[in-house]
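# Geometric and topological summary
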Amino acid sequence: MQLTDRLHLAYCTNIHRGENWTETFAGLELHTRAVQARVSSGRPSAIGLRLSDRASRELIEPGTFRAFQEWLKHNNAYVFTINGFPYGQFHGQRVKEQVYAPDWSQPERLDYTRRLFQILADLLPSGVSGSVSTVPVSYKAFRRSPDDEQRALLQLWECVDFLDELSRQSGHDLHLGLEPEPLCTLETTSECVSYFNRLRALRPGDRRIDRHLGVNYDCCHLAIEYETPTEALARLQSAGIRLSKIHLSNALSVRPTAEIRQSLQAFAEDIYFHQVIERRADGTLVRHADLHDALATPAPAPGSPLPEWRIHFHIPLHSAPQGGFDTTADHLIGVLDAV
């Protein structure tokens, strides 16, 4: 729903199964309409639409697309943003590092992103800006070559060129948001600033990047990095980086006692990454690629101060601390206050 002239609040569909358009649409019918009935109070309801590569190809079929446009009109709903991060299978089987593939060094990522924007440009209401969120360039453990890194920079500029032209043709303000995530090419706001400086150095003075490329600020991800909301947002703003979108989300925070470690064993699963960033008593940050890696580390000696672990689980916003399990809700609230 529209909150102010520039801010819209949407229910995101990526938490529901939707690897093809039939599944995606079923989730809209079952879950999105139920949320709309509870919170929209008759106002137009905004949808944050997740489309896989396959679902996007199926949706662009003219008959399917017209039917979806009619469904939106009939249900007093609109799409202003698309989650273009997971390209392929995102539910029901091992995802892990494949969620970052193809990355921005590969042509498939650019083609997919273009298609999402073409869909979005035809769905946007008049006067509403449109965004797509995407992978944080790549995953650091992929260890891409210098040529791959250069190709990613060039393809992001190709996307800026495309968005500039599509914005003129459609009359919409369109922008792509790189989404920082732990252990990826972009995981902190400082790394975002450095990367944007590299992009700008390729085309000095080309200000179109400021309009069409920004950062999708996922509160869960940045909280895991122990960023302070006011400082993080100010860092992006002072660097001229557009705040493309905000994901309102919480991470899991624990002090890894023996009991907590034992409880966490049940959550070290084989589908998604659960990166852990450990903050020790002296403030040092230690990164663990996945929860089972953190659990494999020795426990502190008896009497030693316990570190804090922030873990990549997206915890429901309403969840209260219990049994030694806490959330990063303070980061979320700080972001809302700053916005």
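Please refer to the structure higher up on the page.
Please read all numbers here as calculations on a predicted model, not as lab measurements.

## Let's talk about a nonpolar patch on the surface
Together, L3, L7, L9, L243, L248, L317, L336 and V339 line one region of the surface with nonpolar side chains, adding up to about 660 Å² of accessible area. You can see L317 is positioned in the loop between β11 (308-315) and β12 (325-327).

## As for the sheet that holds strand β8 (residues 250-254)
Taken together, five strands build an open sheet; the order of strands is β10-β9-β11-β8-β12 and the sheet is antiparallel. Whereas interior strands pair on both sides, the edge strands pair on one side only; in this sheet they are β10 (285-288) and β12. For this sheet the average axis-to-axis angle between neighbouring strands, irrespective of direction, equals 30°. Two strands pair when backbone bridges link them, and β8 and β11 are joined in this way by four bridges, in the antiparallel orientation. Its bridge partner being in β11, L252 is matched across the sheet by I311.

## Things to note about the sheet that holds strand β6 (residues 213-218)
Strand order in this open sheet of seven strands is β1-β2-β3-β4-β5-β6-β7, and the pairing throughout is parallel. The open sheet has two edge strands, β1 (10-12) and β7 (242-247), and neither has a second partner. Neighbour-to-neighbour, the strand axes of this sheet turn through a mean angle of 30°, independent of strand direction. Summarising the sheet, strand β2 (residues 45-50) and strand β3 (residues 77-83) pair through six bridges and their orientation is parallel. Bridge pairing in β3 places R50 opposite N83. Against the sheet, helix α6 (residues 189-202) touches β5 (174-178) and β6, its axis set at about 165° to β6. Relative to the sheet, helix α9 (residues 229-238) contacts β6 and β7, its axis offset from that of β6 by approximately 170°.

## As for the layout of surface pockets
Taken as a whole, the second largest pocket spans an internal volume of roughly 230 Å³. Along the wall of the second largest pocket there are 15 residues; nearest its centre are V137, S138, R144, E149 and T185. A per-class count over the lining of the second largest pocket returns five nonpolar, three polar and seven charged.

## Some remarks on the pairing of strand β9 (residues 276-279)
Bridge count between β9 and β10: four bridges; the pairing is antiparallel. Looking at β10, one finds that R279 is bridged to L285. The antiparallel pairing of β9 with β10 creates a hairpin that spans five residues between the two strands, and G283 there sits at a positive phi of about 90°.

Cut-offs and rules
Residues numbered from 1 in each chain as written. Predicted model: local features only at pLDDT ≥ 70, side-chain atom pairs only at ≥ 80, totals over all residues. Heavy atoms only, no water. Patch = residues over 30% accessible without salt bridge, like charges linked within 9 Å, V, L, I, M, F, W, Y side chains within 5 Å. Areas by Shrake-Rupley, 256 points an atom, 1.4 Å probe, with all protein chains shown as cover. Salt bridge = Lys/Arg side-chain N within 4 Å of Asp/Glu carboxyl O. Helix = DSSP H or I, 4+ residues; strand = E, 2+ residues; numbered from the N terminus. Pairing = 2+ DSSP bridges. Axes fitted to C-alpha atoms, helices over the stretch in contact; angles between N-to-C directions. Contact = heavy atoms within 4.5 Å. 1 Å grid on protein atoms, 1.4 Å probe; cavity = no way out; pocket = protein on both sides within 12 Å on 5 of 7 lines; lining within 4 Å. Points joined across faces, edges and corners; volume = space filled by probe spheres on them. Nonpolar A, V, L, I, M, F, W, Y, C, P; charged D, E, K, R; others polar.

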